[in-house]
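Coordinate analysis (summary)
Chain residues, written in single-letter form:
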Amino acid sequence: MSNILLSIKSAKKQYPGGINALDGVNISIHKNEIIAILGSSGAGKSTLIRSLLGLVKLDKGNIFFKSSTPIGNNYKLLRNSISTIYQNFNLVSRSSVLTNIILGKVSKVPSWRILFTIWPKTVQLKALSLLKEVGLQDINYSKRVENLSGGQQQRIGIARALIANPEIILADEPVSSLDPETAKEILKLLKETAKKNKISILCSLHQVEFAKSFADRIIGMSNGKIIFDKSANKLLKADLNKLYK
Amino acid sequence: MQNKKVNLDPPFKIQTILIVCIIFIVLIFSSQRVGIPDIIERLYESSLDLVGIKNSSKIGEGLSRISKEMWPPVIESRKDINLILDFDSSNLPFNSYIEKQIDKSYEINPNTFLLEEVEEDVVFLIEPLGYLRIVIVKIIESIEIAFWASFISIILSIPLAYYSAKNYTPNSIVYYIFRSIVSALRAIPELISVLFMVLAFGFGPAAGIMALGLHSAGFLGKFFAEDIENADKGPQEALIALGASKWKVLKLAVLPQVMPQYVAYMLYILDRNLRMATVIGLVGGGGIGQELKGRFDLFEYGHVTTIIIVIFIVVFIFDQISAKLRSKLIGD
């Protein structure tokens, strides 16, 4: 299996109070693959995504990134090739649209430029072209993002994810704070850009129908365990019943 | 209909009532020690005086001694020309004139051994707005002290805030060291620390600037640190996940969020330093306070009135400006 990009093996995480967020989870993400994780609230979806980024320390288990040795505590290479999209967008609300997109490249911009917030011209132009790619070409890019609608903010979130040229995008319930119509558009945009730029996506979702139309592969999670893991067109009603019983 | 007994919380718990009672008892005991009955007695007496039932009161006597001399405020300066070096009467300063005054004194005549009245002409150089000018120069010095002190406190508070914010400090030892520095700076009142700064930097504005700067650095450090701790975690997490280092996260995800609040704090500190800068001169910190103390000690209460009026005007104007700026920033 040479085309595995990122995998997590026998991951365990218990939060104080004895809640098992992850209980022996094994997932592999292949190149150019779009994966949706389904599950009710508290199933461990967010913990899984956050642990892949090193934002949550695993009690047990290993993460492998493009190699057969676990990455341990060295998240640098991983973080340089992964971008994330969040439920609450996690944009810097008082900064401008353009700055927020550029933030996606923060680890590659030298410190002095950040101190004086002088961004390289090429990065600024890239951000502008991405603004067009996510369909916000008509927006005033020096406007603060707090003045934008939820859908627009998530589009900027996607642009921020794309500017780092990631190999994988992790999306933590990217559409659950949006209305269904906007949610559909955002997922469509995410899928199109991923296919175009050959990016893999791991995306947690609430709505089954979104997952079916969006993903190649669907993983069901409940109480920190994986209930099913199969390609989207082979998903059965019985699987879903197991998930939402 | 079920007739279940519902236990609602009483409006006041027994602890609350006990605490209030204890506070009252402590207050009653301590009021004897600090002279609260005396305050009440004097106020009662002077209110009787005001309505005319009594014809004297302790408060009235105390204040009337200087209140007569406090009005009108003195704005002219009057100098004996004999005390002016190289006085040239053909080349007087702008808008000034010379006034002769007959000074009467009694001297013993060496021939008759009797006390005789002697008249002597004393010439004064009078500048009609001379004293006002001196006061304005001094209050400008106070404003300068306030600005420099605020500037120094902002510079000092940046590392203080960074290392005393729980989520940015490298470890708990550094955290406690910086937290205690911040508390210590705040704990020492300016009027006390000026006394030490005078020893270190000599009399004058430098001592005042250092004392005010250090004290307000303690305030800003605490305020800044708390805002850094409470800033929205989302954007910070996003940047960490993108591989940004700690200070990059602070610069790009925290500062934009807290900036309006910071500017409001800075304005508050500037406002406070301006008020304090008028006072620290009393103990040698330079500025208008030094002039005030000097005139008070010479019993020149007319001058004191001028100084107080100028201080009031400056503080009032600055209050208005900073209130406008603050509301603009927070409303933004």
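Look up: the structure comes first, before these words.
What comes next is a walk through the structure. (Residues numbered from 1 in each chain as written. Chains lettered and ligands numbered in written order. Predicted model: local features only at pLDDT ≥ 70, side-chain atom pairs only at ≥ 80, totals over all residues.)

1. Describing the packing of helix H6 (residues 150–163) of chain A against helix H7 (residues 180–197) of chain A
Packed helices, taken two at a time, are described by their axes: the angle between them and the distance between them. All names here are of chain A. This is how it is decided: Angles here are taken between N-to-C directions and fall from 0 to 180 degrees, while the axes themselves are lines fitted to C-alpha atoms, restricted in helices to the stretch in contact. Think of it this way: any DSSP run of H or I at least four residues long counts as a helix, any run of E at least two long counts as a strand, and we number them from the N terminus. Any angle that falls under 35 degrees is termed roughly parallel, while one over 145 is termed roughly antiparallel, one within 65 to 115 roughly perpendicular, and all others oblique. By definition, turning the near helix anticlockwise from the far helix through less than a right angle yields a left-handed crossing, and turning it clockwise yields a right-handed one. We call two residues in contact whenever the C-beta atoms placed from their backbones are within 7 Å. Note that Gly is not counted as nonpolar here; it falls among the polar residues with everything else outside the nonpolar set of Ala, Val, Leu, Ile, Met, Phe, Trp, Tyr, Cys and Pro and the charged set of Asp, Glu, Lys and Arg.
Between H6 and H7, the least distance of the axes is 10 Å, while the angle of their chain directions is 15°. The pairing of H6 with H7 is recorded here as roughly parallel in orientation. Of the two elements, H6 crosses H7, and the hand of that crossing is right-handed. Touching Gly150, Gly151, Gln154, Arg155, Ile158 and Leu162 of H6 are Thr182, Glu185, Ile186, Leu189, Leu190, Thr193 and Asn197, all from H7. When its residues are assigned to classes, the contact of H6 with H7 shows five nonpolar, six polar and two charged.

2. A few points about the sheet that holds strand E3 (residues 34–38) of chain A
Residue and element names in this part refer to chain A. For the record, the criterion: In this scheme, strands are said to pair when DSSP sees at least two bridges between them.
In space, the six strands of this open sheet follow the order E5-E6-E7-E3-E8-E9, with mixed pairing throughout. Strand pairing shows two members of the sheet lacking a second neighbour, strand E5 (82–85) and strand E9 (225–231), which therefore form its edges. Recorded for the sheet is a direction-independent mean angle of 15° between the axes of neighbouring strands. Where E5 lies against strand E6 (residues 168–172), four bridges are found, and the strand directions are parallel. Following the sheet pairing, isoleucine 82 is matched in E6 by isoleucine 168.

3. Remarks on the environment of leucine 329 of chain B
Residues and elements named next belong to chain B. Just so we agree on the cut-off: Exposed residues have 12 or fewer other C-beta atoms within 10 Å of their own C-beta, buried residues have 20 or more, and residues in between are partly exposed; the C-beta atoms are placed from the backbone.
Summarising the element assignment, leucine 329 is placed in helix H11 (residues 301–331). Judged by local crowding, leucine 329 falls into the partly exposed class, with 15 C-beta atoms found within 10 Å. Sequence separation between leucine 329 and proline 260 is 69 residues, and the spatial gap between their C-alpha atoms is 6.0 Å. In this view, leucine 329 contacts Pro260, Val263 and Ala264; residues no more than four positions away in its chain are not counted.

4. Details of the sheet that holds strand E2 (residues 19–30) of chain A
Across a sheet, strands are paired by hydrogen bonds formed along the backbone, either parallel or antiparallel in direction. Residue and element names in this part refer to chain A. The strand order across the open sheet formed by three strands is E2-E1-E4, and the pairing between neighbours is antiparallel. If you trace the sheet from one side to the other, it starts and ends with E2 and strand E4 (60–65), each paired once. Taking the axes of each pair of neighbouring strands and ignoring which way they run, one obtains an average angle of 10° across the sheet.

5. As for the interface of chain A and chain B
Listed by partner, the interface residues are 20 residues for chain A and 16 residues for chain B. Residue assignment for the side of chain A that touches chain B shows that the elements contributing at least two residues are helix H2 (76–81) and helix H4 (111–115) of chain A. At three residues, the largest contribution of residues to the side of chain A that touches chain B is made by H2 of chain A. Classifying every residue of the side of chain A that touches chain B by side-chain character gives ten nonpolar, seven polar and three charged.

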